[in-house]
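The primary structure of each chain is shown beneath.
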Amino acid sequence: MTEKVVFSRLSRKFIDENDATPPQAQQVIYYSLAIGHHLGVIDCLKATLVCPFADYQTWIGTLEPGEARRKMEGVPRYGEIVIDQSHVTLLATAFDEALPRQIASQQAWSRELLSLLQAIQQEPAVYVMVRRDRD
């Protein structure tokens, strides 16, 4: 069994019509979406970055001790983390500063993550789910 870490980006959302068909319920659905609740909404995630679990741990070990590293250490500890708008500056700064200490494969992962963070910055509804996965 091999372990890996998968970064999945929100690619689209849609409303489950089975949960939201009554016309009188439409306003509740739209209001829920407006305030951030996902009643009847299905998020579609697309894997954008995959790395072996052991390599992930070494990669995040290149980050300086602090909040960003602690955030990324949530994957081994809890099995998954969510990266959203509130994490962009913290993580972008940490991974950008770590680039000179990283080997080529780690730099490639950091650049991909920086690209994902930029996408979140441009569209706050986008988020990234990072999960530990066992084949």
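Structure: see above.
Residues numbered from 1 in each chain as written. Predicted model: local features only at pLDDT ≥ 70, side-chain atom pairs only at ≥ 80, totals over all residues. Heavy atoms only, no water.

J.: Any chance you could explain the nonpolar core here in plain terms?
T.: One recurring pattern in soluble globular proteins is that nonpolar side chains are buried together. Membership of the largest hydrophobic core comes to 27 residues, with the highest contact counts inside it found for F7, Y56, W59, M72, I83 and L113. For this core, the secondary structure elements donating two or more residues are β1 (3-15), β2 (41-52), α2 (53-60), α3 (67-72), β3 (80-83), α5 (88-98), α6 (104-122) and β4 (128-134). Contact partners of I83, with chain neighbours within four places excluded, come to M72, L91, L113, L117, I120, Y127, V128 and V130. (Core = buried A, V, L, I, M, F, W, Y, C linked by side-chain atoms within 4.5 Å. Buried < 20%, exposed > 50% of the residue type's maximum accessible area, 1.4 Å probe, protein only. Helix = DSSP H or I, 4+ residues; strand = E, 2+ residues; numbered from the N terminus. Contact = heavy atoms within 4.5 Å.)

J.: Where do I start with the pairing of β3 in this structure?
T.: Within a regular strand, the side chains alternate between the two sheet faces. The two faces of β3 differ: I81 and I83 on one face are buried, but E80 and V82 on the other face are not. Bridge analysis of β3 against β4 gives four bridges, and the strand direction is antiparallel. Across the sheet, I83 pairs through a bridge with V128, a residue of β4. (Pairing = 2+ DSSP bridges.)

J.: When you look at α2 in this model, what are you seeing that I'm missing?
T.: Given 3.6 residues to a turn, an α-helix orients residues that are three or four positions apart in the same direction. For α2, every residue scored as buried is listed here: F53, Y56, W59 and I60. The arc that holds every buried residue of α2, seen down its axis, measures 115°, which confines them to one face. (Arc of directions from axis to C-beta.)

J.: Would you take a moment to explain the environment of E67 for this structure?
T.: Note on placement: E67 falls in helix α3. Note on E67: relative accessible area 49%, which makes it partly exposed. Measuring from C-alpha to C-alpha, the distance between E67 and L90 comes to 7.6 Å, with 23 residues separating the pair along the chain. A distance of 2.5 Å separates the side chain of E67 from the side chain of R70, its partner in a polar contact. (Polar contact = N/O pair within 3.5 Å; in protein donor to acceptor, adjacent residues only side chain to side chain.)

J.: In this structure, what is going on with the packing of aromatic side chains? I would like to understand it.
T.: Across all of its chains, the model carries five aromatic pairs by this definition. Between the aromatic rings of F7 and W59, the centroid separation amounts to 5.9 Å while the plane-to-plane angle is 55°, which identifies the pairing as tilted. One end of the pair, F7, is in strand β1; the other, W59, is in helix α2, and 52 residues separate them in sequence. The class for W59 is buried, based on a relative accessible area of 0%. Ring pairing ties together the aromatic residues F7, Y56, W59, F95 and W109, which thus form one cluster. (Phe/Tyr/Trp six-rings, centres within 6.5 Å; stacked < 30°, edge-to-face > 60°.)

J.: Would you explain the side chain of T62 in this entry?
T.: Relative to the elements of secondary structure, T62 occurs in the loop between α2 and α3. Separated by 2.6 Å, the side chain of T62 and the backbone oxygen of W59 make a polar contact. Setting aside residues up to four positions removed in sequence, T62 forms contacts with A98, R101, Q102 and Q106.

J.: How should the pattern of salt bridges be read in this particular structure?
T.: Where side chains of opposite charge bring their charged atoms close, a pairing between them can arise. Counted according to the given criterion, the structure contains seven salt bridges. Notably, a salt bridge pairs E64 with R101, separated by 3.5 Å at the nearest N-O pair. Within this pair, whereas E64 is found in the loop between α2 and α3, its partner R101 is found in the loop between α5 and α6, the two being separated by 37 residues in sequence. Classification of E64 by relative accessible area gives partly exposed; the value is 47%. For R101, a relative accessible area of 41% gives the class partly exposed. For E67, the salt bridge identified is with R70, shortest N-O distance 2.5 Å. With E67 and R70 both in helix α3 and three residues apart, this pair spans about one turn of that helix. Note on R70: relative accessible area 44%, which makes it partly exposed. (Salt bridge = Lys/Arg side-chain N within 4 Å of Asp/Glu carboxyl O.)

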